[in-house]
Amino acid sequence: MRLPTALFLTFIMSGCGVLQSSRTSDYIKEQRAKDLDPYHIQSCGPAALHKVFLQFGIYIDEEKLSHTIQSDPSCSNLLREIASVFSIEGRKITFPAELKSILKKHGFKFVNISTLKELDKEKDTALVLVKEKNSLNYHWMCFPVDENIKTFFGKDTIIKEIYLIKK
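Residues numbered from 1 in each chain as written. Predicted model: local features only at pLDDT ≥ 70, side-chain atom pairs only at ≥ 80, totals over all residues. Heavy atoms only, no water.

What about the overall build of the protein chain?
Thought 1: Counting secondary structure elements, the protein chain contains eight helices and four strands.
Thought 2: In the protein chain, the succession of helices and strands from N to C terminus is α-α-α-α-α-α-α-α-β-β-β-β.
Thought 3: Taking all 167 residues of the protein chain together, the buried fraction comes to 40%.
Thought 4: Taking all contacts inside the protein chain whose residues are at least 6 apart in sequence as the whole, residues at least 24 apart take part in 60%.
Thought 5: Counting only carbon and sulfur atoms, one obtains 56% of the accessible surface of the protein chain, whose full area is about 10,100 Å². (Helix = DSSP H or I, 4+ residues; strand = E, 2+ residues; numbered from the N terminus. Buried < 20%, exposed > 50% of the residue type's maximum accessible area, 1.4 Å probe, protein only. Contact = heavy atoms within 4.5 Å. Areas by Shrake-Rupley, 256 points an atom, 1.4 Å probe, with all protein chains shown as cover.)

Below is the structure:
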């Protein structure tokens, strides 16, 4: 196969993420280099983790949480980069292991539980990962702060993971 054909096929098969990243502003490129990707900072992972910490009386803003995730060598920045080739939304992904790592660093423990019915609104705090049925749309939420956990994607909401957080 000739090089121009190979490049063309790679470009065509890689989705619109290549086009989007080629138009990325210098500001966003600079922020990514500092582990401050604006897409990740404004995503649901850092937001849900921020709410969890608030439940325990700890204030850590979403930018700091996102930066901690992005700058941790054990985190999945490469997977975010690969996902963003197909869609810029891939930059917003926060993987379960990344959230668990942050929780551990702050002295928290977590227990994977099966159902929201196991949680008490008055005394429990949990990170909940929901998914839209038949899609790749996922969203992190905080129990009991986020009240629409069961209906975030309407009737197509599936609860994938629940992590009960303990100090």
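Quick word on helix α8 (residues 96-105)
Thought 1: Buried within α8 are the following residues: Glu-98, Leu-99, Ser-101, Ile-102 and Leu-103.
Thought 2: The first or second residue beyond α8 is Gly-107, which carries a positive phi of 80 degrees.

Details of the pairing of strand β4 (residues 157-166)
Thought 1: Where strand β1 (residues 109-113) lies against β4, five bridges are found, and the strand directions are antiparallel. Along β4, the bridge assignment pairs Lys-109 with Lys-166.
Thought 2: With eight bridges connecting them, strand β2 (residues 125-132) and β4 associate as antiparallel partners. Paired with Val-128 across the strands is Ile-162, a residue of β4. (Pairing = 2+ DSSP bridges.)

With respect to the sheet that holds β1
Thought 1: The sheet built from four strands is open, its strands ordered β1-β4-β2-β3 with antiparallel pairing. In this open sheet, the two strands that pair with only one neighbour each are β1 and β3 (138-143). When the angles between neighbouring strand axes are averaged without regard to direction, this sheet yields 25 degrees.
Thought 2: Running over the sheet, helix α5 (residues 44-55) touches β2, β3 and β4 and is turned about 5 degrees from β3. (Axes fitted to C-alpha atoms, helices over the stretch in contact; angles between N-to-C directions.)

Quick notes on the side chain of Asp-146
Thought 1: Topologically, Asp-146 is positioned in the loop between β3 and β4.
Thought 2: At 2.7 Å, the side chain of Asp-146 and the backbone nitrogen of Cys-142 are in polar contact. (Polar contact = N/O pair within 3.5 Å; in protein donor to acceptor, adjacent residues only side chain to side chain.)

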